[in-house]
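Structural features, examined
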Amino acid sequence: MSTTVSAGAPERETAAAEAGRVVSVPVAILLVAIAYGAIAQGAFYRKEVIYLSVILTVAAAALLALRRGAVVAQLVSPVSLFLLGVAASAIVSAWAGGYPAGADGVLLVVWGLLCADLVARTASPRQQETLLTGIALVAVIVAFTGIAGAVMHDLRLATPAGGREGDMQFFRAASTFTYANSTAGFLLVPTMVALARVAAPGAGAAWRLAAFSLTLGLLATVSRGGLVGFAVAIVVLLVIGNRRAIVRENWTVALGVAVAGAGLLPSLPILAQPQPLVAAAGLLAGAGIALVNSRRGVFIASGALAAGAVVALAAVAAVRPDQLARFGQLRFNTDASINDRRLMWEASIRLFLEHPLLGTGPGHFLLRLNVTGPPSYAYFSHNEYLQLLAEQGGVGFLVVVGGVAWALVSGIRERARGGWITAGLVAGLVGLAVHSGFDFLWHVTLIPLVAVVGLSILTATDRLNGGRV
């Protein structure tokens, strides 16, 4: 008697075994790529973009080696079609602008994002949850290094902001990205995922601490665009999620963030001495409050709140009220960077009107900020939508913005039953889209990488919803 084994049986067995694991080899490599991007300034510079794309290529190659048949059957998706559209638009715009080589940077990034999309989309539901957990862990490390940099006045991890006079300047958390606004952009999506997870059944202490840490890290960047995006993301989360559960489970997280933030304040003025002990006390008290949930006892909650109140009052008392008032006015009202952005936006609009259809082409984008007088130039619009209009014209704008909207709507439809994954990712991605109107986030490759991973999970055929939120 002979036994016949089909040629595809070993591959199916390997695919089934791989899908049953909490983390697969391709997903692990994808997480390595994200961790590398975090320590490499978000993969902003070309050399780091190349290294990141190589790691993502290895992840996709590992996936093909393990699950070739399943992968080939799922090559086409809303996200992959959107990315191919971005690549085509960049090529056409660069050619029309007379500099075809200018599209190579966009194509390099798109290739890496296509590889990431394939890995994230074909992962099993358990592996997708592991992927989101891993991204949150990397983001927590980024948040805490940024906070530490601001407290210790370490210019490698923090940047000063405010007026030109020392007593008006405060440190902002910039972390390994070295740019506070891009740090805020990176933290937005994992922060919303963590807040959504806390509101879902079965959330443990680790997720509560993650939500606390990420929210505090995001606020410590003092990024105006990031704060606007975060506010919009909170509204979206409340609209599409279970508002009662979100508020009930996250109010102590918010209170813990407020207490910990108060503990950071004495160290933040640029002329103040770092006070790490006060900051650490605030962090510990805030974390203790964040760990209190709706199922904890009244006595535990009361003790944590009392300790946090003492730390918060002591910390706030150490900061001069006039410093806070002047910093708030400078940061959110008369900061010179607001006028700089206005000039950049006006210059971008002028450039778009000169090349409305296909733009100037990527690779040699340059803004002249003043029409008369000595020339002053900038390389970024600090508004990704205006920069896209100027670089790739109306066609490129419609391809990118329309493609993202289509992929996001497709993802929401795929996960119409709801869940913490849907609520957190949709809220985070919408917040990131809003923040992109204030800073050059898409040029920091790790940020679109995390966004694409989120879109890929949303549009995955094998739904991952988690508990209802």
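Higher on the page you've got the structure.
For the structure given in this document, a descriptive report is provided here. Since this is a predicted model, take the numbers as computed values, not measurements.

**Focus: the overall build of the chain**
- Of regular secondary structure, the chain possesses 17 helices and 4 strands.
- By residue count, 54% of the 469 residues in the chain fall in the buried class.
- Long-range pairs, those at least 24 residues apart, make up 76% of the contacts in the chain between residues at least 6 apart in sequence.
- In the form shown here, the chain has an accessible surface area of approximately 19,800 Å², with 69% of it arising from carbon and sulfur atoms.

**A closer look at helix α11 (residues 276-290)**
- Relative to the 21 Å expected for 15 residues at 1.5 Å per residue, α11 spans 20 Å between its end C-alpha atoms, a close match to the ideal helical length.
- All buried positions along α11 are accounted for by Ala279, Gly282, Leu283, Ala285, Gly286, Ala287, Ile289 and Ala290.

**A few points about the nonpolar core**
- Ranked by internal contacts, the top residues of the largest apolar core, which has 106 residues, are Leu30, Leu131, Phe186, Phe212, Leu449 and Val453.
- Broken down by element, this core gets its largest block of residues, 12 residues, from helix α7 (residues 180-199).
- Residues within four places of leucine 30 in sequence aside, it is in contact with Leu56, Ala59, Ala116, Val119, Ala120, Leu131 and Val453.
- Ranked by size, the runner-up nonpolar core spans 7 residues in total, among them Met344, Leu367, Ala378 and Ala390.

**What about α7?**
- Between its first and last C-alpha atoms α7 spans 28 Å; for 20 residues at 1.5 Å apiece the expected length is 28 Å, and the two agree.
- Along α7, the helix axis deviates most sharply at leucine 188, where the bend reaches about 35°; the proline proline 190 sits within four residues downstream.
- Taken across its 20 residues, α7 has 20 buried, putting it largely inside the fold.

**Digging into the packing of helix α2 (residues 25-39) against helix α17 (residues 446-459)**
- Where α2 meets α17, the axes come as close as 10 Å, and the angle between the chain directions of the two elements is 150°. The angle between α2 and α17 falls in the class roughly antiparallel. In terms of crossing hand, the pair formed by α2 and α17 is left-handed. Mapping the contact onto sequence places Leu30, Ile34, Gly37 and Ala38 in α2 and Leu446, Leu449 and Val453 in α17.

**A short note on the environment of arginine 342**
- In this fold, arginine 342 is placed in helix α14 (residues 336-354).
- Judged by its relative accessible area of 40%, arginine 342 is partly exposed.
- Taking the C-alpha atoms as reference points, arginine 342 and serine 381, 39 residues apart in sequence, are found 9.2 Å from one another.

**So, the environment of isoleucine 55**
- As for its placement among the helices and strands, isoleucine 55 is situated in helix α3 (residues 46-72).
- A C-alpha to C-alpha distance of 9.8 Å links isoleucine 55 and alanine 116, two positions 61 residues apart in sequence.
- If we skip the residues at most four places from it in the chain, isoleucine 55 touches Ile29, Val32, Ala33 and Tyr36.

**Considerations on the side chain of serine 348**
- Tracing the chain through its elements places serine 348 in helix α14.
- There is a polar contact of 2.8 Å between the side chain of serine 348 and the backbone oxygen of methionine 344.

**As for a nonpolar patch on the surface**
- On the surface, Leu75, Val76, Leu81, Leu84 and Trp406 cluster together into a nonpolar patch covering about 490 Å² of accessible area.
- Locating leucine 81 in the fold gives a position in helix α4 (residues 78-96).
- According to the relative accessible area criterion, leucine 81 is partly exposed, its value standing at 40%.

**Examining the side chain of glutamate 384**
- Relative to the helices and strands, glutamate 384 is located in helix α15 (residues 384-414).
- Buried within the structure, glutamate 384 lacks any salt-bridge partner; its nearest side chain of opposite charge belongs to arginine 341, at an N-O separation of 11 Å.
- Within polar-contact distance, the side chain of glutamate 384 engages the backbone nitrogen of leucine 441 at 2.9 Å.

**Some points on the packing of α7 against helix α8 (residues 205-220)**
- Contact geometry of α7 with α8 gives a least axis separation of 8 Å together with a crossing angle of 150°. Comparing their axes, α8 and α7 come out roughly antiparallel. Between α7 and α8 lies a crossing of left-handed hand. Contacts from Ala184, Leu187, Leu188, Pro190, Thr191, Val193, Ala194, Leu195, Arg197 and Val198 in α7 reach Trp207, Arg208, Ala210, Ala211, Leu214, Thr215, Gly217 and Leu218 in α8.
- For the contact of α7 with α8, the class distribution of residues is 13 nonpolar, 3 polar and 2 charged.

**Focus: the environment of threonine 122**
- Looking at the element boundaries, threonine 122 is found in helix α5 (residues 104-122).
- When near neighbours in sequence (up to four residues on either side) are disregarded, threonine 122 contacts Leu63, Arg67 and Gln74.
- Within the structure, the side chain of threonine 122 is placed 2.6 Å from the backbone oxygen of leucine 118, a separation counted as a polar contact.

**A word on unusual backbone geometry**
- Even without being glycine, valine 222 reaches a positive phi, approximately 50°.
- Residue class for valine 222 comes out buried when judged on its relative accessible area of 13%.
- Here histidine 382, not a glycine, exhibits a phi torsion of approximately 60°, which is positive.
- Within the fold, histidine 382 resides in the loop between β4 (377-378) and α15.

**Here's the deal with the packing of aromatic side chains**
- Applying the stated criterion to the full structure yields 9 aromatic pairs.
- Centroid distance tyrosine 36 to tyrosine 51: 6.4 Å. Interplanar angle 65°. Geometry classified as edge-to-face. On the criterion of sequence distance, the pair formed by tyrosine 36 in helix α2 and tyrosine 51 in helix α3 is long-range, its members being 15 residues apart.
- Since its relative accessible area comes to 43%, tyrosine 51 is described here as partly exposed.
- Clustering of aromatic rings is evident, with ring pairs tying together Phe44, Tyr45, Tyr179, Phe380 and Phe440.
- Its guanidinium or amino end placed over the ring of tryptophan 420, arginine 197 lies 5.0 Å from that ring's centre, counting from NZ or CZ.

Basis of the calculations
Residues numbered from 1 in each chain as written. Predicted model: local features only at pLDDT ≥ 70, side-chain atom pairs only at ≥ 80, totals over all residues. Heavy atoms only, no water. Helix = DSSP H or I, 4+ residues; strand = E, 2+ residues; numbered from the N terminus. Buried < 20%, exposed > 50% of the residue type's maximum accessible area, 1.4 Å probe, protein only. Contact = heavy atoms within 4.5 Å. Areas by Shrake-Rupley, 256 points an atom, 1.4 Å probe, with all protein chains shown as cover. Expected span 1.5 Å × (residues − 1). Core = buried A, V, L, I, M, F, W, Y, C linked by side-chain atoms within 4.5 Å. Bend = angle between axes of the 7 residues up to and from the residue. Axes fitted to C-alpha atoms, helices over the stretch in contact; angles between N-to-C directions. Parallel < 35°, antiparallel > 145°, perpendicular 65-115°, else oblique. Left-handed = near helix turned anticlockwise from the far one by under 90°. Polar contact = N/O pair within 3.5 Å; in protein donor to acceptor, adjacent residues only side chain to side chain. Patch = residues over 30% accessible without salt bridge, like charges linked within 9 Å, V, L, I, M, F, W, Y side chains within 5 Å. Salt bridge = Lys/Arg side-chain N within 4 Å of Asp/Glu carboxyl O. Lys, Arg positive; Asp, Glu negative; His and termini not counted. Nonpolar A, V, L, I, M, F, W, Y, C, P; charged D, E, K, R; others polar. Phe/Tyr/Trp six-rings, centres within 6.5 Å; stacked < 30°, edge-to-face > 60°. Lys NZ or Arg CZ within 6 Å of the ring centre and 35° of its normal.

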